[in-house]
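# A closer look at the structure
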Amino acid sequence: MPNPEFVRRIRTATANGNSGEPSPAPHTSSSTASANPFASLLEAGPSSSSGSSIGSYGSPNRTYVAPGTPTTSPRKRKARDYGDRFIPNRDDNLQSAFQLIGDSPSTPSRKRMSNPPATDGNREQANHAFQSLLATELFPGAPSSPPRVSATPAGTPSTPARKRIFQYSSPSRSRLDHDLGLSNPVHQAYSISPVKFESQRLLLSPQKTVRKVAKTPFKVLDAPDLIDDYYLNLVDWSSTNILGVGLGTAVYVWTQETGAERLFELASGDSATSVNWCQRGSILAVGTQMGKIQIWDAEAQKQIRTLSGHDNRIGCLAWTGHLLSSGSKDRTIYHRDTRARNDIVKRLTTHRQEICGLKWSDDSGGLAGCQLASGGNDNKLFVWDGKMMDNPVWKFHEHTAAVKAIDWNPHSRGVLASGGGTQDKKIRFWNTVAGTMLGETDTGSQVCNLVWSKNTPELVSTHGYSTAPGQNQIIIWRYPSMSTVTQLTGHNQRVLYLAMSPDGTTIVTGAGDETLRFWNVFPKREETDEEKAVGEEIGPSLELFNKVR
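For every chain, the first residue of its written sequence is number 1, and the numbers climb from 1 along that sequence. This being a predicted model, a pLDDT of at least 70 is required before a residue's local features are given, and a value of 80 or more before pairs of side-chain atoms are given or counted; all residues contribute to the totals for chains, interfaces and linings. For side-chain calculations, the full set of non-hydrogen atoms in the structure is used, while hydrogens and water are omitted.

The name given to the chain in an unreviewed UniProt entry is WD40 repeat-like protein, and the organism recorded there is Calocera viscosa.

### As for the environment of Asn 455
Elements are defined by DSSP. Helices are runs of H or I of four residues or more, strands are runs of E of two residues or more, and each kind is numbered from the N terminus. In this structure, Asn 455 sits in the loop between strand E22 (445–452) and strand E23 (458–466). Burial here depends on accessible area, computed with a 1.4 Å probe over protein chains only, as a share of the maximum for the residue type. Under 20% is buried, over 50% is exposed, and the range in between is partly exposed. Exposure remark for Asn 455: the relative accessible area of 19% places this residue in the buried category. Sequence spacing of Asn 455 and His 411 is 44 residues, and the spatial spacing of their C-alpha atoms is 8.9 Å. What makes two residues a contact is simply this: any of their non-hydrogen atoms within 4.5 Å. Aside from chain neighbours lying at most four places away, what touches Asn 455 is His 411, Asp 503, Gly 504, Thr 505, Pro 523, Lys 524 and Arg 525. Any pair of nitrogen or oxygen atoms within 3.5 Å is treated as a polar contact; in protein, a donor-acceptor pairing is required on top of that, and neighbouring residues in sequence qualify only through side-chain atoms on both sides. A distance of 3.2 Å separates a polar atom in the side chain of Asn 455 from the backbone oxygen of Asp 503.

### Looking at the sheet that holds strand E5 (residues 259–265)
A sheet is described by the order of its strands in space; here four strands give the open sequence E2-E3-E4-E5, paired in antiparallel fashion. Two strands lie at the open edges of the sheet, namely strand E2 (235–237) and E5, each paired on one side alone. Direction aside, the axes of adjacent strands within the sheet are offset by 20° on average. A pair of strands is considered paired only if DSSP assigns at least 2 bridges between the two. Where strand E3 (residues 243–247) and strand E4 (residues 250–255) come together, five bridges link them in antiparallel fashion. Following the sheet pairing, Leu 243 is matched in E4 by Trp 254. Note on geometry: axes are C-alpha line fits, over the in-contact stretch for helices, and angles between N-to-C directions span 0 to 180 degrees.

### Considerations on the sheet that holds strand E27 (residues 506–511)
Judged by pairing direction, the sheet is antiparallel, and its four strands sit side by side in the order E1-E28-E27-E26 without closing on themselves. The open sheet has two edge strands, strand E1 (219–222) and strand E26 (495–500), and neither has a second partner. The mean angle between the axes of side-by-side strands here comes to 20°, regardless of whether they run parallel or antiparallel. Where E26 meets E27, five bridges bridge the pair, whose relative direction is antiparallel. What sits directly across from Met 500, in E27, is Ile 507.

### Observations concerning the side chain of Ser 325
Among the secondary structure elements, Ser 325 is positioned in strand E11 (residues 323–328). For Ser 325, the side chain forms a polar contact with the side chain of His 335, separated by 2.7 Å. When sequence neighbours within four positions are dropped, the list of residues in contact with Ser 325 reads Cys 316, Leu 317, Ala 318, Tyr 334, His 335, Leu 358, Trp 360 and Leu 372.

### Quick notes on the pattern of salt bridges
What counts as a salt bridge is simple: a side-chain nitrogen of Lys or Arg found within 4 Å of a carboxyl oxygen of Asp or Glu. This model, assessed by the stated rule, comprises 11 salt bridges. Residue Asp 228 pairs with Arg 494 through a salt bridge whose shortest N-O separation is 3.3 Å. With Asp 228 in the loop between E1 and E2 and Arg 494 in the loop between strand E25 (483–488) and E26, the pair connects residues that are 266 residues apart, well separated along the chain. Residue Asp 228 is classed as partly exposed on the basis of its relative accessible area of 35%. Classification of Arg 494 as buried rests on a relative accessible area of 11%. Ionic pairing is found between Lys 346 and Asp 390, a salt bridge with its closest N-O pair at 2.5 Å. In this pair, Lys 346 is assigned in strand E13 (residues 344–348) and Asp 390 in the loop between strand E16 (381–385) and strand E17 (394–396), connecting sequence segments 44 residues apart. Salt bridges here are not isolated pairs; linked through shared partners, they connect Asp 424, Lys 426, Arg 428 and Glu 440.

### Let's talk about the state of the cysteines
The term disulfide is used for any two cysteine sulfur atoms that are within 2.5 Å. This structure, assessed with the given rule, holds zero disulfides. For the unlinked cysteine Cys 356, the closest cysteine sulfur is that of Cys 316, found at 6.8 Å. For Cys 356, a relative accessible area of 0% corresponds to the buried category.

### Quick look at the side chain of Asp 385
Tracing the sequence through the fold places Asp 385 in strand E16. Counted charges follow a simple rule, with Lys and Arg positive, Asp and Glu negative, and His plus the chain ends left uncounted. No salt bridge is formed by the buried Asp 385, whose closest oppositely charged neighbour, Lys 387, lies at an N-O distance of 5.2 Å. For Asp 385, the contacting residues outside a window of four places in its chain are Cys 370, Gln 371 and Val 393.

### A few points about the confidence of the model for the chain
Residues of the chain with pLDDT of at least 70 account for 66%, and the chain-wide mean is 78. The predictor's confidence in any single residue is recorded as pLDDT, a number from 0 to 100. Segment residues 18–65 is flagged for pLDDT under 50; beyond a separation of four residues in sequence, or across chains, it makes 36 contacts in the model. In this model, residues 540–549 is a region of pLDDT below 50 whose contacts with residues beyond four sequence positions or in other chains number zero contacts.

### Side note on the nonpolar core
Formed by 32 residues in total, the largest nonpolar core has its most connected members in Leu 226, Val 235, Leu 243, Val 508 and Leu 516. Mapped onto this core, the elements with two or more residues apiece are E2, E3, E4, E5, strand E6 (272–277), strand E7 (283–288), E26 and strand E28 (515–520). Val 485, Leu 488, Val 495 and Leu 498 belong to the second largest nonpolar core, which has 14 residues in total. By nonpolar core we mean a set of buried residues, namely Ala, Val, Leu, Ile, Met, Phe, Trp, Tyr and Cys, connected to one another through side-chain atoms within 4.5 Å.

### Considering the UniProt feature "repeat: WD" (unreviewed entry) in the chain
UniProt positions are given in the numbering used here, feature names are shortened, and annotations may be inferred rather than shown by experiment. Mapped onto this numbering, the UniProt entry gives "repeat: WD" (unreviewed entry) at residues 348–385 and 488–521. Counting secondary structure, residues 488–521 comes out at 0% helix and 56% strand; the distance between its end C-alpha atoms is 10 Å.

### As for the packing of aromatic side chains
Aromatic ring pairs are described here by two measures, namely the spacing of the ring centres and the angle between the planes. Aromatic pairing here means that ring centres of Phe, Tyr or Trp (its six-membered ring) are within 6.5 Å. Orientation follows from the plane angle: under 30 degrees is stacked, over 60 is edge-to-face, and everything else is tilted. Applying the stated rule across the entire model yields 10 aromatic pairs. Pairing Phe 396 with Trp 430 gives two aromatic rings, centres 4.2 Å apart and planes at 25°, and the pair type is stacked. Separated by 34 residues along the polypeptide, Phe 396 in strand E17 and Trp 430 in strand E20 (residues 426–431) bring together distant segments of the chain. A relative accessible area of 4% places Phe 396 in the buried class. Taken together through their ring pairs, the aromatic side chains of Phe 218, Trp 237, Trp 254 and Phe 518 make up a single cluster. The aromatic ring of Phe 382 is capped on one face by Lys 395, whose charged end is 5.9 Å from the ring centroid. Here, over-ring charges are defined by two tests on the NZ atom of lysine or the CZ atom of arginine: distance to the ring centre within 6 Å, and angle to the ring normal within 35 degrees.

### Quick notes on a nonpolar patch on the surface
Taken together, the side chains of Phe 130, Leu 134, Leu 138 and Phe 139 make up a nonpolar region of the molecular surface, amounting to roughly 470 Å² of accessible area. With respect to the secondary-structure elements, Phe 139 resides in the loop between helix H5 (121–138) and helix H6 (173–180). Since its relative accessible area comes to 63%, Phe 139 is described here as exposed. Exposure above 30% relative accessible area and no salt bridge define the residues that can form patches, which grow by joining like charges within 9 Å and nonpolar side chains of Val, Leu, Ile, Met, Phe, Trp and Tyr within 5 Å. To be clear on the numbers: accessible area is Shrake-Rupley with a 1.4 Å probe, and residue cover counts the displayed protein chains and nothing else.

Following this line, the structure appears as structure tokens:
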């Protein structure tokens, strides 16, 4: 059966040929092609430059095109093949292919507000030097005189002054030096360095040496049954270099030479809740869960006496000379004279909740010149004088959580540091002479302990619960700028206990992970000229004494 479209086109072509309408001029010299009724169907596309058209009937260079077939078909452009260049096929899963994505979830989480990360002293100094260098390179010093401003108002036409645009004479030497400053031997034009002379002077200037602090403890001891309780004080270091630790129902002493030894064991149902060494000697006071205080001579391993009076656990102890102060969960503070038979000298009842922090200031001026700082779970910090008054000299209410971390500045008389608990997270400094707050620092985490350095104007704080990513850290601060010297980590739980060695170079920390970690964080104290002179005077006399003997 013939194609209907083919038949329709034949009829149309025949009708056009009979009507006498002029037909298109033939593209070939053949006369038969002009009379052929199929010429209009067989011709397709424009003629080529050689005079032959594609698809003309009867020509050797022409091809037959079936009716209904498009005369031109779109050609798909072939992509260029760069054989000398390799482009890898990247996987859509970047995490598996390139490990560029961490383990954090892809969904955006709410950003937490936290303190800026702490930086080491070396990094802080390098950042400061880089910022200074960048400012010198990008923003050079402003000109000594301000730019000259034209007196002509804006928009007012003015006649341009006649000025020679082209000047073919060479400038004088003085004018060249004045304009370019080339007479200066340190001009930038003579420098072969890519940075300016000001930057070179900055880079070559002597930098302040930054003390390096080891980030790992040099000794780790197991401390089984070390109670994880914020309100207790179970670690202390004596002036005779003996470490005392309360572990459950037992109290241990540790030295570098002999190691750990058990000093004594409490009765069943009781446990140690606080330990504190006398400021001079090897006398150790231990507070218990039952509200008793046992006083021991650690060197002789002998109990001296037992003190009573509290109705609940004793969470903190503090010595000044022969006077021992104790704070309890029964909200009272007792001053005790350990030499007297009736030891209780004073009873203080100002706090409304458990007392968890006690610290006496330096007693070099006698008891009358000392001050006692007490912190409680009632968020209060009180300062008492040594005259045994019934009311505190100062009451500070700025903390919003329990105040356990307390310590006096050994380098500045009357300066007290205190730290707040989980809801506060701040270290505050007080002038106990004037009764004012000197400043505060938000640490971002629970402040568990504070200790001033004996050798440098620095401060150590240990931390617990935190809303920031980092927690359970030990931070060394530079006072009074409160810039971070370094940050130490290693404990798996909050660092509740802190003590310092007698030479002031080492600290020991204890945590709920039942470990004690020793850190070298401070340099040794440098002897003053007076101490050196005294040592030189005493040295020859001791040698003579040894020779005589």
